[in-house]
Amino acid sequence: MCARTKVVVIDKDEKALRKVKSILANFSDIEVVGLEQDERLCFDSSQSYEKRDMLAIATVTSEMRIVRLSEIGYFRYCTQRKKWEVALSDKTVLSLHKGTSANVILNYSSKFVQTHQSYIVNLDNVMLVGQNNVVLYPPFNEDSVLLGRTFKKRLQEMFIMM
């Protein structure tokens, strides 16, 4: 029996969840789940939390983009637009819905660790933890990811445990 892939929709909007479900209805090996009201993830307890390898992102233009965790380098908070953005390996930057919080992003995977009030990184892409910045593997090595004092210890612990 083939394992089912879970796609989690990071959007509290039922309309967005229905849209993703309708798009993926023809794929029998994919299950789409949404977020509960308290921003914890809904998932089938028979499957490990870490086996979710794809994420359905509802962009500000109401488009749905399905992204593999391995494609995500980091998330950054854009203070001008008051929205989180996600940087992908193909150099695409997607803006997330305004209601998406750091906690929603962090709860999706233990691979996501906050490094600064405005940054969350995918640990799989961390190459070096510096004094006040994080260096990522290519293609994200050209981007500057800040490291705040309050987040440094947790990042170092997580980085060492990898």
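Notes on the structure follow. Keep in mind that what you see is a predicted model, and the values were worked out from it rather than measured. Once a new chain begins, its residue numbering starts again from 1 and follows that chain's sequence as written. Whole-chain, interface and lining totals are the exception, using all residues; otherwise, since this is a predicted model, local features are given only for residues with pLDDT of at least 70 and side-chain atom pairs are given and counted only at 80 or more. Water and hydrogen atoms play no part in the side-chain values, which are based on all heavy atoms of the structure.

1. Some thoughts on the sheet that holds strand 11 (residues 133–136)
Hydrogen bonds between backbone atoms are what pair the strands of a sheet, whose relative direction is either parallel or antiparallel.
For step 1, the next point in the chain: One requirement defines pairing of two strands: DSSP has to find at least two bridges between them. The helix and strand labels rest on DSSP assignments: H or I over at least four residues marks a helix, E over at least two residues marks a strand, and numbering proceeds from the N terminus. Strand order in the open sheet formed by three strands is 10-11-12, with antiparallel pairing between adjacent strands. For this open sheet the edge positions go to strand 10 (126–129) and strand 12 (145–146), each flanked by a neighbour on one side alone.
For step 2, the next point in the chain: Judged from the three bridges that link them, strand 10 and strand 11 form a sheet pairing that is antiparallel. Paired with Val-129 across the strands is Val-134, a residue of strand 11.
For step 3, the next point in the chain: The contact rule is simple, with two residues in contact once any of their heavy atoms fall within 4.5 Å. Axes, fitted as lines to C-alpha atoms, cover a helix only where it is in contact. Angles between the N-to-C directions of the axes lie from 0 to 180 degrees. Along the sheet face, helix 3 (residues 149–161) touches strand 10 and strand 11 and points at about 130 degrees away from the line of strand 10.

2. Remarks on the nonpolar core
For step 1, the next point in the chain: The criterion is simple. A nonpolar core is a set of buried Ala, Val, Leu, Ile, Met, Phe, Trp, Tyr and Cys residues joined through side-chain atoms within 4.5 Å. Burial status follows relative accessibility: with a 1.4 Å probe on protein chains alone, a residue under 20% of its type maximum counts as buried, one over 50% as exposed, and anything between as partly exposed. One finds Ile-72, Phe-75, Val-86 and Phe-112 to be the most contacted residues of the largest nonpolar core, which totals 16 residues.
For step 2, the next point in the chain: Residue assignment for this core shows that the elements contributing at least two residues are strand 3 (54–58), strand 5 (72–78), strand 6 (83–88) and helix 2 (102–108).
For step 3, the next point in the chain: When neighbours within four sequence positions are excluded, Val-86 is seen to be in contact with Ile-57, Ile-72, Tyr-74, Phe-75, Thr-92, Val-93, Leu-94 and Leu-96.
For step 4, the next point in the chain: Counting 15 residues, the second-largest nonpolar core is a separate cluster that includes Ala-87, Val-113, Leu-123 and Phe-140.

3. Re the packing of aromatic side chains
For step 1, the next point in the chain: The aromatic pairing rule takes the rings of Phe, Tyr and Trp, using the six-membered ring of Trp, and pairs them if the centres are within 6.5 Å, calling planes under 30 degrees apart stacked, those over 60 edge-to-face and the rest tilted. Applying the stated rule across the entire model yields five aromatic pairs.
For step 2, the next point in the chain: Pairing Tyr-74 with Phe-140 gives two aromatic rings, centres 6.3 Å apart and planes at 75 degrees, and the pair type is edge-to-face. Of the two residues, Tyr-74 sits in strand 5 while Phe-140 sits in the loop between strand 11 and strand 12, which places them 66 residues apart along the sequence. As far as burial versus exposure is concerned, Tyr-74 and Phe-140 are alike and both buried.
For step 3, the next point in the chain: Taken together, a centroid distance of 5.5 Å and an interplanar angle of 65 degrees make the contact between Tyr-77 and Trp-84 edge-to-face.
For step 4, the next point in the chain: An aromatic cluster of at least three residues, connected via ring pairs, comprises Tyr-74, Tyr-119 and Phe-140.

4. Looking at the sheet that holds strand 8 (residues 112–116)
For step 1, the next point in the chain: An order of 7-6-5-9-8 is seen for the five strands of this open sheet, with the pairing classed as antiparallel. Of all strands in the sheet, those bounded by a partner on one side alone are strand 7 (93–95) and strand 8. For this sheet, the mean inter-axis angle between neighbouring strands, taken without regard to orientation, is 25 degrees.
For step 2, the next point in the chain: The pairing of strand 5 with strand 6 spans six bridges and is antiparallel. Bridge assignment links Tyr-74 to a residue of strand 6, and that residue is Ala-87.
For step 3, the next point in the chain: Against the sheet, helix 3 touches strand 8 and strand 9 (119–122), its axis set at about 145 degrees to strand 8.

5. Some thoughts on the pattern of salt bridges
For step 1, the next point in the chain: One speaks of a salt bridge when a side-chain nitrogen belonging to Lys or Arg is within 4 Å of a carboxyl oxygen belonging to Asp or Glu. With the rule as written, the count across this model stands at five salt bridges.
For step 2, the next point in the chain: In this structure, Arg-81 and Glu-85 form a salt bridge, with 3.1 Å as the shortest nitrogen-oxygen distance.
For step 3, the next point in the chain: Note on Arg-81: relative accessible area 40%, which makes it partly exposed.
For step 4, the next point in the chain: Under the relative-accessibility criterion, Glu-85 is labelled buried at 8%.
For step 5, the next point in the chain: Linking Lys-91 and Glu-142 is a salt bridge whose minimum nitrogen-to-oxygen distance equals 3.6 Å. Taken together, the positions of Lys-91 in the loop between strand 6 and strand 7 and Glu-142 in the loop between strand 11 and strand 12 put the pair 51 residues apart, joining distant regions of the chain.
For step 6, the next point in the chain: Residue Glu-142 is classed as exposed on the basis of its relative accessible area of 67%.
For step 7, the next point in the chain: Put simply, Arg-76, Arg-81 and Glu-85 are held in one network by salt bridges that share partners.

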